[in-house]
Amino acid sequence: MSRRDDDLDVIRSAREARGPVLRKSPGATAWFDVRGRGTGHWAFSLNRFTALGLTFYLYLHLAVLSMLLGGESAWHGFLELATTPVFLGLDVLLLFGLLFHGLNGLRVALIGTGIAVDHQKALFWSLMIIGAILLLGATLHIVGSG
Amino acid sequence: MTTTRGFRVFRFSRESGPSRFDVFEAEVEPTSTVLDALRWIRIHRDPSLAIRHSCLHASCGTCGVRVNGREGLACVTRLADLDPGRVTVEPMANFPVMTDLVVDMTSFADRFPAPHPATRTSDVPSSAEMPDGIDAYERFEDCIECGLCLSACPVVATDDTYVGPAALAYAQRMLEEPRGADVGPILRWADADNAAWRCHAAFECTEACPSNVRPAQRIMQLRRTLTSGGDGS
């Protein structure tokens, strides 16, 4: 055992003798607490949020598909509901989640391979502009077909 | 010109129960820092307020706190640079709080496997005497070991096994300049699930770092090294 380890053991023993320390970690609230944080944290938070949303949607999608077991009439009934303005709005929200999560994932992959590491904020906003254009086009398409 | 400013300071004592915030009014100057105000409070209002500091110029890394929710060294965080109004001062997040604003920094060192693969013995003049029988000093280069990066990292907040930005940044530093060291163990250490691959690129460590270590950029460089099978040089 090194001198450093000996010192740490002495420190730990003295500390524990005074009672328990306070475990004050923000936990998962730190993921979404973006107050005063930078672009990277906003990207991280939205990435988590969209990940949770897309996971929820995956199970919802499977549940909706199970309606096919109820026959043609049940499915057609759902399709009528799915073309209402509220559902079309949810489609746009879903697309936002897909685009953001995918494009931010592309940012992380690129900077993880050494590309644009020092320009990650500019890379983020460039990808977001591309995402916004795609989302706008898709929204117009969805609204037009509704 | 002396003015009065309000402070909301986190308090915790292991002897006296749950944590709380105490409110103080402190006299401050236009150039006062958060540490100046905390010392004023300690001298004039509450001598029991526990704060840790040493050098007063962002060199020792001991006065890391959260000011209005953001990590910073109290000694160089000027009150004039903060938003108007009451200033909230808390201990760093993701560290056990020992007393008031003092956190247990041993958990910072504990994130490194023993023996540390990512520290090296400091060079000292041959004529220098080491105090009290200490054989050598160990420290990180650039990094002042303040812990602000760990406090700011949202991944550390929910995964205490993550080794964190400081250790990974130094691993990359070792790869950049191995000075004859065997980098194999460092690469294997960094390739673990709770190391380089656990970072989610929030870049808050780089935002918080007062010493321009740029941990996030170094973690990304480390990933590139790992995926390319190189040695980082």
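About the thresholds
Per chain, residues are indexed from 1 in the order of the written sequence. By the order in which they are written, chains take letters starting at A while ligands take numbers starting at 1. Per-residue local features are limited, in this predicted model, to residues with pLDDT of at least 70; the limit for side-chain atom pairs, both in listing and counting, is 80 or more; totals at the level of whole chains, interfaces and linings are taken over all residues. The numbering of helices and of strands both runs from the N terminus, where a helix is a DSSP run of H or I of at least 4 residues and a strand a run of E of at least 2. Radius of gyration: C-alpha atoms only; globule rule: 2.2 Å multiplied by the number of residues to the exponent 0.38. Every helix has an expected span of 1.5 Å times one less than the residues it contains. Around each residue's C-beta, the other C-beta atoms within 10 Å are counted; 20 or more make the residue buried, 12 or fewer make it exposed, and counts in between make it partly exposed. All C-beta atoms are placed from the backbone. In this description, a residue-residue contact is defined by the distance between C-beta atoms placed from the backbone, which must lie within 7 Å. In this entry, domain limits derive from an automatic or database-based domain assignment. Following the grouping adopted for this structure description, the nonpolar residues are Ala, Val, Leu, Ile, Met, Phe, Trp, Tyr, Cys and Pro, the charged ones are Asp, Glu, Lys and Arg, and the polar ones are all others, Gly among them. Angular values range over 0 to 180 degrees, each being the angle between N-to-C directions of two axes fitted as lines to C-alpha atoms, with helices fitted over their stretch in contact. Convention used here: angles under 35 degrees read as roughly parallel, angles over 145 as roughly antiparallel, angles from 65 to 115 as roughly perpendicular, and any remaining angle as oblique. Crossing handedness: left-handed means the near helix sits turned counterclockwise from the far one by under a right angle, and right-handed means the same turn made clockwise. What makes two strands pair is DSSP finding at least two bridges between them. For the purposes of this analysis, a nonpolar core is taken to be any set of buried Ala, Val, Leu, Ile, Met, Phe, Trp, Tyr and Cys residues that are connected through C-beta atoms within 7 Å.

Caption draft 1: Local environment of the overall build of chain A. What chain A contains, in helices and strands, is six helices and one strand. Listed N to C, the secondary structure of chain A is α-β-α-α-α-α-α in terms of helices and strands. Taken against the 2.2 N^0.38 rule, which gives 15 Å for 146 residues, the C-alpha radius of gyration of chain A at 24 Å runs more than 25% over that of a compact globule. With respect to the three principal axes, the spread of C-alpha positions in chain A is 75 × 40 × 30 Å.

Caption draft 2: Local environment of helix α6 (residues 120-145) of chain A. Residue and element names in this part refer to chain A. Here α6 contains 26 residues, and its C-alpha end-to-end distance of 37 Å stays within 8% of the 38 Å for a straight helix at 1.5 Å per residue. Those residues of α6 that fall on the buried side of the exposure criterion are Gln-120, Phe-124 and Leu-127. Residues of α6 that are buried in the fold lie against α3 (39-65) and α5 (85-112).

Caption draft 3: Focus on α5(A). The end-to-end C-alpha distance of α5(A), which contains 28 residues, comes to 40 Å, matching closely the 40 Å that a straight helix rising 1.5 Å per residue would cover. All of the buried residues along α5(A) are A:Leu99, A:Phe100, A:Asn104, A:Arg107, A:Val108, A:Ile111 and A:Gly112. Tucked inside the fold, the buried residues of α5(A) contact α3 and α6 of chain A together with α7 (215-228) of chain B. In the stretch just after α5(A), A:Gly114 is the one whose phi turns positive, near 90°.

Caption draft 4: How the structure looks around the domain arrangement of chain B. Residues and elements named next belong to chain B. Segmentation of chain B into domains returns domain 1 (3-103) and domain 2 (106-228). Summarising the inter-unit geometry, the C-alpha centres of domain 1 and domain 2 are found 27 Å apart. Contact residues are listed per partner, giving 14 residues for domain 1 and 13 residues for domain 2. A breakdown of the residues in the side of domain 1 that touches domain 2 according to their chemical character gives eight nonpolar, four polar and two charged.

Caption draft 5: Local environment of the packing of α5(A) against α6(A). All names here are of chain A. For the pair α5 and α6, interaxial distance at closest approach is 9 Å and the crossing angle is 155°. With respect to their mutual orientation, α5 and α6 come out roughly antiparallel. As α5 packs across α6, the resulting crossing turns out to be right-handed. In terms of residue class, the contact of α5 with α6 is made up of 20 nonpolar, three polar and two charged.

Caption draft 6: Geometry of the pairing of strand β5 (residues 87-90) of chain B. All names here are of chain B. With three bridges connecting them, strand β1 (residues 3-13) and β5 associate as parallel partners. Of the residues in β5, the one forming a bridge with Arg-8 is Thr-88. Both strand β3 (residues 64-67) and β5 contribute to a ladder of two bridges, which runs antiparallel. Among the inter-strand pairings, Arg-66 is bridged to a residue of β5, identified as Glu-90.

Caption draft 7: Structural context of the nonpolar core. Residues and elements named next belong to chain B. Within the largest apolar cluster, 76 residues are counted, with the highest numbers of intra-cluster contacts made by Val-89, Cys-149, Leu-168 and Ala-171. Broken down by element, this core gets its largest block of residues, eight residues, from helix α4 (residues 165-176). Three or more residues apiece are contributed to this core by two domains, here domain 1 (3-103) and domain 2 (106-228). Residues in contact with Leu-168, not counting those within four places in the same chain, are Val-163, Ala-190, Ala-195, Ala-196, Pro-215, Arg-218, Ile-219 and Leu-222.

Caption draft 8: Main features of the interface of chain A and chain B. Listed per partner, the contact involves 33 residues of chain A and 32 residues of chain B. No other element matches the five residues that helix α1 (residues 3-17) of chain A contributes to the side of chain A that touches chain B. Looking at side-chain class alone, the side of chain A that touches chain B contains 13 nonpolar, 11 polar and nine charged residues. Note: strand β1 (residues 22-23) of chain A against strand β6 (residues 96-99) of chain B, two bridges, orientation antiparallel. Looking across to β6(B), one finds that A:Arg23 is bridged to B:Pro96.

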